[in-house]
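# Chain and residue survey
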Amino acid sequence: MDEPILNTHNKEEFPPAHTAEHLLNQTMKRMFGCERSRNAHIERKKSKITFIVDHKPSRKEEKDIADTMNQLIADDLPVTFEYVTRDNLPPEVSTERLPEDVSETIRLVRIGDYDVCPCIGKHVRSTSQIGHFELLGTNWDEMTHAFRIRFKVVQ
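Residues numbered from 1 in each chain as written. Predicted model: local features only at pLDDT ≥ 70, side-chain atom pairs only at ≥ 80, totals over all residues. Heavy atoms only, no water.

This next bit is on helix α2 (residues 59-74). The periodicity of an α-helix, 3.6 residues per turn, causes residues three or four positions apart to be oriented the same way. The end-to-end C-alpha distance of α2 is 23 Å, a good match for the 22 Å that 16 residues give at a rise of 1.5 Å each. When we look at burial in α2, the residues that qualify are Glu-62, Ile-65, Ala-66, Met-69, Asn-70, Leu-72 and Ile-73. Buried positions in α2, seen along its axis, are confined to an arc of 160 degrees and lie on one side of it. In this structure, α2 carries Lys-60, Lys-63 and Ala-74 as exposed residues pointing more than 90 degrees from its buried face. Summarising the contacts, the buried residues of α2 are in contact with α1 (15-32), β6 (132-141) and β7 (146-154). Following α2 by one or two positions, Asp-76 adopts a phi angle in the positive range, close to 55 degrees. (Helix = DSSP H or I, 4+ residues; strand = E, 2+ residues; numbered from the N terminus. Expected span 1.5 Å × (residues − 1). Buried < 20%, exposed > 50% of the residue type's maximum accessible area, 1.4 Å probe, protein only. Arc of directions from axis to C-beta. Contact = heavy atoms within 4.5 Å.)

Here the focus is the sheet that holds strand β1 (residues 39-41). The strand order β1-β2-β7-β6 describes an open sheet built from four strands, whose pairing is antiparallel. The open sheet has two free edges, formed respectively by β1 and β6, since each of these has just one partner strand. Taken over all neighbouring pairs, the strand axes of this sheet differ in orientation by 20 degrees on average, direction set aside. Bridge analysis of strand β2 (residues 47-52) against β7 gives six bridges, and the strand direction is antiparallel. Along β7, the bridge assignment pairs Lys-48 with Arg-150. In this fold α1 packs onto β1, β2, β6 and β7, with an angle of close to 140 degrees to the strand it touches most, β7. Across the face of the sheet, α2 comes into contact with β6 and β7 while running at roughly 150 degrees to β6. (Pairing = 2+ DSSP bridges. Axes fitted to C-alpha atoms, helices over the stretch in contact; angles between N-to-C directions.)

Turning next to the pattern of salt bridges. Any two side chains of opposite charge can pair if their charged atoms end up close together. Scanning the entire structure with this criterion turns up 10 salt bridges. A salt bridge links Arg-38 to Glu-96, with the nearest nitrogen and oxygen atoms 2.3 Å apart. Taken as a pair, Arg-38 in the loop between α1 and β1 and Glu-96 in the loop between β3 (79-85) and β4 (105-111) lie far apart in primary sequence, 58 residues in all. The burial state of Arg-38 is the same as that of Glu-96; both residues are exposed. Salt-bridge contacts for Glu-134 lead to Lys-152; the nearest nitrogen and oxygen are separated by 3.9 Å. Linking Glu-134 in strand β6 with Lys-152 in strand β7, this pair joins segments that are 18 residues apart in sequence. The exposure class assigned to Lys-152 is partly exposed, which follows from its relative accessible area of 28%. Through salt bridges with shared partners, one network takes in Glu-35, Arg-38, Glu-96 and Arg-97. (Salt bridge = Lys/Arg side-chain N within 4 Å of Asp/Glu carboxyl O.)

Now for the nonpolar core. By size, the foremost hydrophobic cluster in this structure holds 31 residues, and its most contacted members are Leu-24, Met-28, Ile-149 and Phe-151. Looking at this core, the elements with two or more residues in it are α1, β2, α2, β4, β6 and β7. In terms of residue count, the dominant contributor to this core is α1 (six residues). Excluding anything up to four places from it in sequence, Met-28 contacts Gly-33, Cys-34, Phe-51, Val-53, Ile-65, Phe-147 and Ile-149. Counting residues in each nonpolar core, the second largest holds eight residues, with Val-84, Val-93, Leu-98 and Ile-106 among its members. (Core = buried A, V, L, I, M, F, W, Y, C linked by side-chain atoms within 4.5 Å.)

Structure below.
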């Protein structure tokens, strides 16, 4: 089978942190009913990601985020790829953030039954390869309801 033609990719991700970003997006969606982040800076040493949520998360909710992340990592969920055409995206996958010039073939990244989203970046093969999720701190902006999480993954 020929390799599908995908959009070009201009980043060199650190796969454990990038895969953790996928898990964190889905965790925040499930816990707070928010959208996936539109503002993420994912790096090997420290990452930051911002979500728009309806209230300032409590310390307990912050702990629940970290605990959920580490449980998902411990669950050793498989990270798999699936190629679909734009017209055959699963209903849970939004086309809203795809680039205007998106290729006909789209690569979906699935993490067990927990998350699926279009992505052409590098990922680990299973969540246990992420290491330990460490929440370094958070910031809250009351005006915009922006909740920024700073984290790192420790291998």
